[in-house]
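Tertiary structure, described
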Amino acid sequence: MQKSKTILVTGGAGFIGSHLCKRLLEDGNHVICMDNFFTGSLDNIKELLKNKNFELIDWDIENKIDIKADEIYNLACPASPPHYQFNPVKTVRTSVVGIANMLDIAQKYNAKILQASTSEVYGDPLEHPQKETYWGNVNPIGIRSCYDEGKRCAETLMMDYHRQFGTDIKIIRIFNTYGPNMHPNDGRVVSNFIVQSLKGEDITIYGTGEQTRSFCYVSDLIDGMVKMMNKDNFSGPVNIGNPSERTILNLAEFIIRKTGTNSKIIFKPLPNDDPIKRKPDITLAKENLNWEPKVDTETGIDLTIEYFKKILNL
Ligand code: NAD
Ligand code: UDP
């Protein structure tokens, strides 16, 4: 049996954060969930609130706070393009000032800290699939920059605290992840297509739909995150994602088939700087964490459709 730890999860009321808090509680830890509820919701954590080992702090990580923890998972940051572009200055401050505040706590209490970084640090990649050694192709002044550059700077701060102060850091680069607890109005592609299909609305493809993404089911990601936190002498960055790449058009057709909807596909303009292709090379995660995804798209999408049917009362 592992010793119970006190673990701070920022962004714990969000999509990924709520699954992580649940898993850490199941492992017997005391979990402090910190969230400003910008994109997170109480619904995601209502079951967890019944657990005496779960604490909720309504707090914005841009503001300093002193909390003693053994481990910190920093997930606080809107992740969907419409949400992170809603208040881009705030997105940068959350990513940069927020992680600096969390790193100060980690340094003070000698806590391990894991940063939820992103495949967006590779931008519109010229290398395919993307390895951790690739430095990326990011527009520093575009509409995605608040997120991409914010996350890149957060990685810089992580590495500099590590080199300058010896902070025990972990960086994971998360590739597109989906599953229950995504917000129906989140704006990301999997939730949009499923919600549109279930409601019989038009399915909105941006651009031609030939752009690709590689989709990972949330339980696989959570396994990878926990393995990374518990792995000694490995700071990353490490890609965590499912290498099964598909076009967005193919995803739309797949979800139409799975839901049996009569919805029609419509095409809308592709937003600026939308990456053309994305697929993780997960060799490093396999070698260092003995991790690889287990849930296939068929199963993952079925579980996600069930979730949306339930919350939309369909
Ligand atoms: P989400 O929007 O559902 O969750 C983010 C959470 O952070 C929300 O609960 C939100 O209220 C909270 N938050 C935002 N700003 C905050 C602030 N200043 N202070 C405190 N809380 C704040 O998104 P998600 O998909 O669960 O993403 C979680 C993390 O994983 C994010 O850091 C995101 O960048 C990263 N990530 C996610 C994906 C993905 O595919 N889901 C991919 C790459 C990286
Ligand atoms: N996308 C789409 N229709 C939607 C939402 C997204 O065609 O309703 C596209 C989007 O332009 C991008 C891909 O799907 O090419 C993935 O978008 P998402 O916002 O989920 O994630 P990200 O672009 O951050 O990888």
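Worth saying up front: this structure is predicted, and the values here are computed from it rather than measured. (Residues numbered from 1 in each chain as written. Chains lettered and ligands numbered in written order. Predicted model: local features only at pLDDT ≥ 70, side-chain atom pairs only at ≥ 80, totals over all residues. Heavy atoms only, no water.)

**Examining the environment of I194**
Within the secondary structure layout, I194 lies in helix α6 (residues 189-199). Once the C-alpha coordinates of I194 and F308 are considered, the two residues, 114 residues apart in sequence, prove to be 7.6 Å apart. Ignoring anything within four residues of it in the chain, the contact list for I194 reads I255, T304, I305 and F308. (Helix = DSSP H or I, 4+ residues; strand = E, 2+ residues; numbered from the N terminus. Contact = heavy atoms within 4.5 Å.)

**Some points on the pairing of strand β1 (residues 6-10)**
In terms of burial, β1 is largely enclosed, as 4 of its 5 residues are buried. Here β1 runs beside strand β2 (residues 30-35); their pairing, made up of 5 bridges, is parallel. Across the sheet, L8 pairs through a bridge with I32, a residue of β2. What joins β1 to β2 is helix α1 (residues 15-26), and the crossover it makes is right-handed. Two strands pair when backbone bridges link them, and β1 and strand β4 (residues 71-74) are joined in this way by 4 bridges, in the parallel orientation. Each bridged residue has a counterpart across the sheet, and for L8 the counterpart in β4 is I72. (Buried < 20%, exposed > 50% of the residue type's maximum accessible area, 1.4 Å probe, protein only. Pairing = 2+ DSSP bridges. Right-handed = clockwise from strand over helix to strand, strands pointing away.)

**Observations regarding the site of ligand 2**
Taken together, 17 residues lie near ligand 2, and T204, Y206, R213, D274 and R278 sit nearest. In the model, an oxygen atom of ligand 2 is placed 2.7 Å from a nitrogen or oxygen of the R213 side chain. Contact with the protein chains covers 96% of the free accessible surface of ligand 2, which is 520 Å². Those elements that place two or more of their residues in the shell around ligand 2 are α6 and β8 (203-206). The residue inventory of the shell around ligand 2, partitioned by class, reads 6 nonpolar, 5 polar and 6 charged. (Near = heavy atom within 4 Å. Polar contact = N/O pair within 3.5 Å; in protein donor to acceptor, adjacent residues only side chain to side chain. Areas by Shrake-Rupley, 256 points an atom, 1.4 Å probe, with all protein chains shown as cover. Nonpolar A, V, L, I, M, F, W, Y, C, P; charged D, E, K, R; others polar.)

**Regarding the sheet that holds strand β11 (residues 238-240)**
Sheet architecture is open: 7 strands sit in the order β3-β2-β1-β4-β5-β6-β11, paired in parallel fashion. Here the strands that pair on one side only, and so sit at the sheet edges, are β3 (54-58) and β11. Going from strand to strand, the sheet's axes swing by 20° on average, the running direction of each strand aside. With respect to the sheet, helix α5 (residues 145-165) is in contact with β5 (112-118) and β6 (169-174), its orientation differing from that of β5 by roughly 155°. The sheet strands contacting helix α7 (residues 218-230) are β4, β5, β6 and β11, and the helix crosses β6 at an angle near 160°. (Axes fitted to C-alpha atoms, helices over the stretch in contact; angles between N-to-C directions.)

**Structural notes on the packing of aromatic side chains**
Under the definition given, this model contains 7 aromatic pairs. With 5.0 Å between their ring centres and 65° between their planes, Y307 and F308 make a pair best called edge-to-face. F308 carries the same exposure label as Y307, and that label is buried. An aromatic cluster is present here, built from Y122, Y134 and F175 joined pairwise through their rings. Over the face of the ring belonging to F254 we find R246, whose NZ or CZ atom lies 4.6 Å from the ring centre. (Phe/Tyr/Trp six-rings, centres within 6.5 Å; stacked < 30°, edge-to-face > 60°. Lys NZ or Arg CZ within 6 Å of the ring centre and 35° of its normal.)

**What to know about the state of the cysteines**
Inspection of every chain in the model, using the stated rule, returns 0 disulfides. No disulfide involves C77; its sulfur sits 8.2 Å from the nearest other cysteine sulfur, which is in C146. We classify C77 as buried; its relative accessible area is 15%. The exposure class assigned to C146 is buried, which follows from its relative accessible area of 8%. (Disulfide = S-S within 2.5 Å.)

**What to know about the site of ligand 1**
Around ligand 1 sit 30 residues in total, of which D35, T39, Y147, K151 and T177 are the nearest. Between ligand 1 and the protein, one listed contact pairs an oxygen atom with a backbone N or O atom of F38 at 3.0 Å. One of the backbone N or O atoms of C77 is found 3.4 Å from an oxygen atom in ligand 1. Summarising the interface, the protein chains cover 97% of the accessible area of ligand 1, which totals 830 Å² for the free molecule. A per-class count over the shell around ligand 1 returns 16 nonpolar, 10 polar and 4 charged.

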